[in-house]
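Here is what each chain is made of, one letter per residue.
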Amino acid sequence: MRVALWTALRGLRARAGALLLTVLAVALATATALVVPLVTRQVERGAQDAAQVFDLLVTAPGSGTQAVMSTLFYLDVPIGNVPHRVYEDLRTLPGTRRAVPIALGDNYAGFPIVGTTAQFFDQRLKPALPPYFRVAQGQVFAREHDAVLGARVAQAAGLRVGSTFKGAHGLRDEADHEEGPGGESGDHHDESYTVTGILAPTGGPVDRAVLTPIETVWEVHGEGAQASREVTAVLYSAENLAGIYTVAQRVNAGRDAMAVFRGRCSRRRATCCSRGRRPTRRSRCSCWGSPRSPCG
């Protein structure tokens, strides 16, 4: 018995390097098998929560899938814009809990610059819960060219409260932009943004967004006059379930906009991700949207 044990120990010592590599490989494989599903679930939960803080997504008529992917996940080109009066009508409509405008068109280092209002930060998963988007550092924007950064933007760009940067024209993928001095994309606007706050991480798309007053987007695109103002989308929440369907029917009965119930399009997004594919404009999706245009 002792001879066998001594022989085994001697063999282990002789192959210590190979044994160590084997142990490390097994440990790494086990850790990967445990961590990857956890990270995947966290990302999926963040994306799902981001689509639960409102009831209807109101955008220009077209593909519901494209509407969700562009204005909620910032992964596609917006369909177009809707007149400012659509937002104003929704905001003042009886039974409205919240109407949050979204305006897209610019980026910083590939991250989308999202024009909105302070009500964006009051969105909640449920009315009784605290706001979903929490400012971890600094404060919410107060005037034009103030900016609140998503957690990933601040980390990737090395920005902090008080930092300044310049936005660039257009919506470009983070991996495709060409950077100039200081990490800024070329073809940028003249006036700088000032970071007033940084959001706590959510695991969702807002982590990689730059939020600024919607008046900033209108100003840099020459839409200072009320009559020329447009919005890309409106995140609409009603006081009750009946109000959601009433508003959806009202919006879809007109020609300026369509209303998308975000739930089913979000599930389509999750299905495409689970298959390792990115949804495209031709992807079919069984979401409720405008009868003029199914979600595909």
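Structure: above.
Residues numbered from 1 in each chain as written. Predicted model: local features only at pLDDT ≥ 70, side-chain atom pairs only at ≥ 80, totals over all residues. Heavy atoms only, no water.

*Asks:* Sorry, what's going on with the overall build of the chain here?
*Replies:* A tally of regular secondary structure across the chain gives eight helices and 13 strands. Buried residues in the chain amount to 46% of all 296 residues. Total accessible area on the chain stands at roughly 15600 Å², and carbon and sulfur atoms take up 55% of it. (Helix = DSSP H or I, 4+ residues; strand = E, 2+ residues; numbered from the N terminus. Buried < 20%, exposed > 50% of the residue type's maximum accessible area, 1.4 Å probe, protein only. Areas by Shrake-Rupley, 256 points an atom, 1.4 Å probe, with all protein chains shown as cover.)

*Asks:* Help me out: how do you make sense of the nonpolar core in this one?
*Replies:* Nonpolar side chains in soluble globular proteins tend to be buried together. Residues Leu-57, Phe-120 and Leu-211 are the most contacted members of the largest nonpolar core, which totals 27 residues. Looking at this core, the elements with two or more residues in it are helix H3 (64-71), strand E3 (96-108), strand E12 (233-238) and strand E13 (258-261). Not counting chain neighbours up to four residues away, the residues in contact with Phe-120 comprise Val-100, Ile-102, Phe-133, Val-206, Leu-211 and Leu-235. (Core = buried A, V, L, I, M, F, W, Y, C linked by side-chain atoms within 4.5 Å. Contact = heavy atoms within 4.5 Å.)

*Asks:* Would you take a moment to explain the pairing of E3 for this structure?
*Replies:* Remark: a regular strand shows side chains that alternate across the two faces of the sheet. Burial analysis of E3 places 12 of its 13 residues in the buried class, which makes it a mostly covered element. Of the pairings in the sheet, the one linking E3 to E12 comprises six bridges and is antiparallel in character. Looking at E12, one finds that Ile-102 is bridged to Ala-233. The pairing of E3 with strand E4 (residues 111-116) spans four bridges and is classified as antiparallel. If you follow Asp-106 over to E4, its bridge partner there is Ile-113. Linkage of E3 to E4, two consecutive antiparallel strands, is achieved through a turn of two residues, within which Ala-109 is found at a positive phi near 55°. Here E3 runs beside strand E8 (residues 168-169); their pairing, made up of two bridges, is antiparallel. Opposite Asn-107, over in E8, you have Ala-168 as the bridge partner. (Pairing = 2+ DSSP bridges.)

*Asks:* Would you take a moment to explain the pattern of salt bridges for this structure?
*Replies:* Opposite charge on two side chains permits them to pair, given that their charged atoms come into close proximity. In total, this model carries five salt bridges according to the counting rule given. Residues Arg-91 and Glu-88 are paired through a salt bridge, measuring 2.7 Å at the closest nitrogen-oxygen approach. Pair noted here: Arg-91 and Glu-88 are both in helix H4 (residues 84-92), with a separation of three residues, about one helical turn. Looking at Arg-91, the relative accessible area reads 42%, which means it is partly exposed. Linking Asp-122 and Arg-124 is a salt bridge whose minimum nitrogen-to-oxygen distance equals 2.7 Å. Given the relative accessible area of 23%, Arg-124 is considered partly exposed. Sharing partners across several salt bridges, the network here consists of Arg-98, Asp-122 and Arg-124. (Salt bridge = Lys/Arg side-chain N within 4 Å of Asp/Glu carboxyl O.)

*Asks:* Sorry, what's going on with H3 here?
*Replies:* Helical periodicity: at 3.6 residues per turn, an α-helix aligns residues three or four positions apart in one direction. Among the eight residues that make up H3, eight are buried, leaving the element largely enclosed by the rest of the structure. Among the residues making up H3, those that are buried are Gly-64, Thr-65, Gln-66, Ala-67, Val-68, Met-69, Ser-70 and Thr-71. Between a side-chain oxygen at the N-terminus of H3 and the backbone nitrogen of Thr-65 the separation is 3.3 Å; the capping residue is Ser-63. (Polar contact = N/O pair within 3.5 Å; in protein donor to acceptor, adjacent residues only side chain to side chain.)

*Asks:* I tried to follow the pairing of E4 on my own but got confused; where do I start?
*Replies:* Here E4 lies mainly inside the structure; six of its six residues are buried. Relative to strand E10 (residues 210-213), E4 runs parallel, the two sharing four bridges. Bridged to Val-114 within E10 is Leu-211.

*Asks:* Would you mind showing me how to read unusual backbone geometry here?
*Replies:* One can expect most non-glycine residues to show negative phi and most peptide bonds to be in trans. Unusually for a residue other than glycine, Tyr-74 sits at a positive phi of about 60°. With respect to the secondary-structure elements, Tyr-74 resides in the loop between H3 and strand E2 (82-83). Judged by its relative accessible area of 11%, Tyr-74 is buried. The phi torsion at His-145 lies on the positive side, around 70°, for a residue other than glycine. Its location among the elements puts His-145 in the loop between strand E5 (135-138) and strand E6 (146-149).

*Asks:* For this particular structure, what's the right way to read the environment of Tyr-132?
*Replies:* Along the polypeptide, Tyr-132 turns up in the loop between E4 and E5. On the accessibility criterion, Tyr-132 (17% relative accessible area) is buried. A C-alpha to C-alpha distance of 9.7 Å links Tyr-132 and Ala-200, two positions 68 residues apart in sequence.

*Asks:* I tried to follow the environment of Asp-256 on my own but got confused; where do I start?
*Replies:* Structurally, Asp-256 is set in the loop between helix H7 (241-253) and E13. Asp-256 sits 197 residues away from Thr-59 along the chain, and the two C-alpha atoms are 8.6 Å apart. A distance of 2.7 Å separates the side chain of Asp-256 from the side chain of Arg-85, its partner in a polar contact.

These values are about where atoms sit, not about what they do.
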